[in-house]
Amino acid sequence: VMQDMIVKSLINRGGVQIVDNNTMRADVASFSENAYLRFFNRKPTEFEAWKLKDLIEKNADITPKMVYYSLMTSDEYRYY
């Protein structure tokens, strides 16, 4: 619960630069790679890139903020 509150606070803070939805959908592969580099300091594996691209393309409700939230609440993000 505390991690959730901290991540939401960070994402909703003023001045945070989050890619807009149209930019994300215009180049999903680039968005995915940049998100992984930003949060995990590595490029996504082929499967991770495919899975995220598939998720974004098949679900119009997915936003960049949701993707960032999911990456920031992962075990791997807590490691770094």
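Quick summary incoming for the structure in this document. Keep in mind the model is a prediction, meaning the values are calculated, not measured. (Residues numbered from 1 in each chain as written. Predicted model: local features only at pLDDT ≥ 70, side-chain atom pairs only at ≥ 80, totals over all residues. Heavy atoms only, no water.)

Description of the nonpolar core
Our working definition: To define a nonpolar core, start from buried Ala, Val, Leu, Ile, Met, Phe, Trp, Tyr and Cys residues and group those joined through side-chain atoms within 4.5 Å. Each residue's exposure class comes from its accessible area (1.4 Å probe, protein chains only) as a fraction of the maximum for that residue type: buried when under 20%, exposed when over 50%, partly exposed otherwise. Comment: elements are numbered from the N terminus, with helices defined as DSSP H or I runs of at least four residues and strands as E runs of at least two. Should any heavy atoms of two residues lie within 4.5 Å, those residues are considered in contact.
In terms of nonpolar packing, the biggest core is built from 16 residues, with Phe-31, Phe-39, Ile-56, Val-67, Tyr-68 and Leu-71 touching the most fellow members. When contributions to this core are tallied by element, the ones reaching two or more residues are helix H1 (2-12), helix H3 (28-40), helix H4 (46-58) and helix H5 (64-72). Among the elements that line this core, the one with the most residues is H3, at six residues. For Phe-31, the contacting residues outside a window of four places in its chain are Val-19, Met-24, Ile-56, Pro-64, Val-67 and Tyr-68.

Digging into the packing of H3 against H5
Note the threshold: Note on geometry: axes are lines fitted to C-alpha atoms, helical ones only across the stretch in contact, with angles between N-to-C directions running from 0 to 180 degrees. Left-handed describes a crossing in which the near helix is turned anticlockwise from the far one by less than a right angle; the clockwise case is right-handed. Classification convention: Asp, Glu, Lys, Arg as charged; Ala, Val, Leu, Ile, Met, Phe, Trp, Tyr, Cys, Pro as nonpolar; all other residues, Gly among them, as polar.
Their axes nearest at 10 Å, the elements H3 and H5 cross at an angle of 40°. Taken as a pair, H3 and H5 cross one another with a handedness that is right-handed. On H5, the residues that touch Phe-31, Ala-35, Tyr-36, Arg-38, Phe-39 and Phe-40 of H3 are Pro-64, Val-67, Tyr-68, Leu-71 and Met-72. The class makeup of the residues in the contact of H3 with H5 is 10 nonpolar, no polar and one charged.

A look at the packing of aromatic side chains
We count it as follows: Each pair of aromatic rings taken from Phe, Tyr and Trp, with Trp reduced to its six-membered ring, is defined by centres within 6.5 Å and is described as stacked if the planes are under 30 degrees apart, edge-to-face if over 60, and tilted in the remaining cases.
Per the counting criterion, the structure on display carries five aromatic pairs. Taking 5.1 Å as the distance between ring centres and 65° as the angle between the ring planes, the aromatic pair formed by Phe-39 and Tyr-68 counts as edge-to-face. Within this pair, whereas Phe-39 is found in helix H3, its partner Tyr-68 is found in helix H5, the two being separated by 29 residues in sequence. Accessibility classification places Phe-39 together with Tyr-68 in one group, the buried group. In textbook terms, an aromatic cluster arises when at least three aromatic residues are bridged by ring pairs, as seen for Phe-31, Phe-39, Tyr-68 and Tyr-77.

These figures capture arrangement, not role.
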